[in-house]
Amino acid sequence: MTTTQRFQLAPGGRLRETLRIPGDKSISHRAIMLGALADGTTHISGFLEGADSLATVAAFRAMGVSIDMLGTPGEVIIEGVGRDGLKAPATPLDMGNSGTSMRLLSGLLAAQPFVSELTGDDSLTRRPMRRVTEPLAQMGAKITTTEQGTAPLKIAAATSGLHGIDYHLPVPSAQVKSSLILAGLYASGTTCITEPAPTRDHTERMLTAFGYPLQRNHNRICVNGGGRLHATTLTIPGDISSAAFFMVGASIAPDSDLTLEAVGVNPTRTGVIAILRAMGADITLLNLREFGGEPVADIRVRSAPLHGIRIAPEHVPLAIDEFPALFIAAACAEGETILRDAAELRVKESDRIQVMAEGLTNLGIEAEALADGIRIRGGCIGGGTVTSYSDHRIAMAFAMAALRASAPIEVQDCANVSTSFPGFAALAGEAGLQIAES
Ligand code: S3P
């Protein structure tokens, strides 16, 4: 099988369809992890079969967990091994491009009675890991990183056990929070984490679904070690981070009217809707319901004239993965959009501030990279070539830009789109984007 390297996009088009977006990546990782640690058999539907969540599956298989994915797409059966049932992996665990796998697993593995090693691809081995290894060390974990604080992470056996800590996260990060919660399941006493701002709370919600008690009070989460998880049945909603490309596309392309079915609308993830609405977007949530403690809705988006805004800082952690798509909305908006307080974007799968500023500039849009954000002046998108620097979300964002471009766009380095959105080009084509892959 050849992997897609490039998207070629003809200019124009409109998005009109009812679509089903693939399962939520964050929730898919957590479902595998908690299902593996539970007592009994967990059934999952709507699992994201993307490279990132499959890296998590491979890691647990390497630790002796039976995970069956042979049936209908998205259906997964996990034979839980119980909280103390993981086996030492024979080789280093390769997390590919997946920061969530590496950071969450570091917390879980730090508490195991065996040594392990986590590694990843070029992008992942450049990303900061001290944000997890330092608080885990305070809990008694022994993890070494490179001198730069990056992977590979070498994790010693937790021979004398971990102990709970009271930790205030210096940056809002659901990955760090979740890593500490997973370590906290094994620690003596109580592990408490205080967040500077709310971040996605899928770990907390899913622990509840697996019958594990935890206390939540505003931005503080506490968990006692020593409990057990009970297998369950979960349906994973569509990923709002993947839906975001279509929300932006339908907003900017004239005469669009798109419905995205069964998308997760957890309030810790809906910053993209709040920001697009503040820019003038026409977005309606229909048929609100719940899947396994996660709010879900059908999202209808119709084209609307957008205007530039100063993005509210409280929306930043709630839309942290959606900024590449939002910058395309800003490029099509009347006036200037300013984002600050978002330095975290520089340490995602790529430096999303720099890479987006470069691509927008190539397409004729005035974009100024700032240390902690970006300033974008809406204008006419031209044609040209942009590179995603192997970042899935950059590639999909620039694909949507073609809907308002005056000439063809080629997006290079698109292989990693399959980390979060397998089948993106086919689905986007079905919706009305004029996209070819090669
Ligand atoms: C994620 C948390 C976020 C997000 C990432 C997924 C998670 O990362 O960007 O794509 O599943 O917990 P940070 O914790 O670094 O903000």
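Residues numbered from 1 in each chain as written. Predicted model: local features only at pLDDT ≥ 70, side-chain atom pairs only at ≥ 80, totals over all residues. Heavy atoms only, no water.

### Looking at the domain arrangement of the chain
Here the domain parsing of the chain yields domain 1 (7–23 + 237–437) and domain 2 (25–235). Here domain 1 and domain 2 have C-alpha centroids that lie 28 Å from each other. Summed over both partners, the interface of domain 1 with domain 2 comes to about 2,200 Å²; 49% of that surface belongs to carbon and sulfur atoms. The largest contributions to the domain 1 side of the interface with domain 2 come from Arg269, Glu349 and Thr419, which together make up 23% of the buried area. Counting the contacts that link domain 1 with domain 2 gives 3 salt bridges. (Domains from an automatic or database assignment. Buried area = accessible area lost by both parts, 1.4 Å probe. Salt bridge = Lys/Arg side-chain N within 4 Å of Asp/Glu carboxyl O.)

### What to know about the sheet that holds strand β14 (residues 233–235)
An order of β4-β5-β3-β14 is seen for the 4 strands of this open sheet, with the pairing classed as mixed. The sheet is open, and its two borders are formed by β4 (66–68) and β14, each paired with just one other strand. Averaged over all neighbouring strand pairs, the angle between strand axes comes to 15°, with direction disregarded. Looking at chain direction, strand β3 (residues 39–45) and strand β5 (residues 76–81) are connected through 6 bridges and run antiparallel. Residue pairing for β5: His43 is matched across the bridge by Ile77. (Pairing = 2+ DSSP bridges. Helix = DSSP H or I, 4+ residues; strand = E, 2+ residues; numbered from the N terminus. Axes fitted to C-alpha atoms, helices over the stretch in contact; angles between N-to-C directions.)

### Notes on the packing of aromatic side chains
A complete count under the given rule lists 6 aromatic pairs for this structure. Here Phe245 and Phe424 contribute two aromatic rings whose centre-to-centre distance is 6.5 Å and whose plane-to-plane angle is 70°, an arrangement assigned as edge-to-face. Residue Phe245 is found in helix α7 (residues 240–252), and its partner Phe424 is found in helix α12 (residues 424–431); the two are separated by 179 residues along the sequence. For Phe245, a relative accessible area of 1% gives the class buried. On the basis of an interplanar angle of 75° and a centroid distance of 5.3 Å, the ring pair of Phe421 and Phe424 is categorised as edge-to-face. When sorted by exposure, Phe421 lands in the same class as Phe424, which is buried. In textbook terms, an aromatic cluster arises when at least three aromatic residues are bridged by ring pairs, as seen for Phe7, Phe245, Phe246, Phe421 and Phe424. Positioned above the aromatic ring of Tyr186, the side-chain terminus of Arg83 is 4.5 Å from the ring centre. (Phe/Tyr/Trp six-rings, centres within 6.5 Å; stacked < 30°, edge-to-face > 60°. Buried < 20%, exposed > 50% of the residue type's maximum accessible area, 1.4 Å probe, protein only. Lys NZ or Arg CZ within 6 Å of the ring centre and 35° of its normal.)

### Some thoughts on the sheet that holds strand β21 (residues 384–387)
Ordered by their spatial adjacency, 4 strands build an open sheet running β21-β22-β1-β23, and the pairing between neighbours is mixed. The open sheet has two free edges, formed respectively by β21 and β23 (435–437), since each of these has just one partner strand. Between one strand axis and the next, the sheet turns by 20° as a mean value, whatever way the strands run. Summarising the sheet, β21 and strand β22 (residues 409–412) pair through 4 bridges and their orientation is parallel. Bridging from a neighbouring strand, Thr385 pairs with Glu410 of β22. In this fold α12 packs onto β1 (6–9) and β23, with an angle of close to 160° to the strand it touches most, β23. (Contact = heavy atoms within 4.5 Å.)

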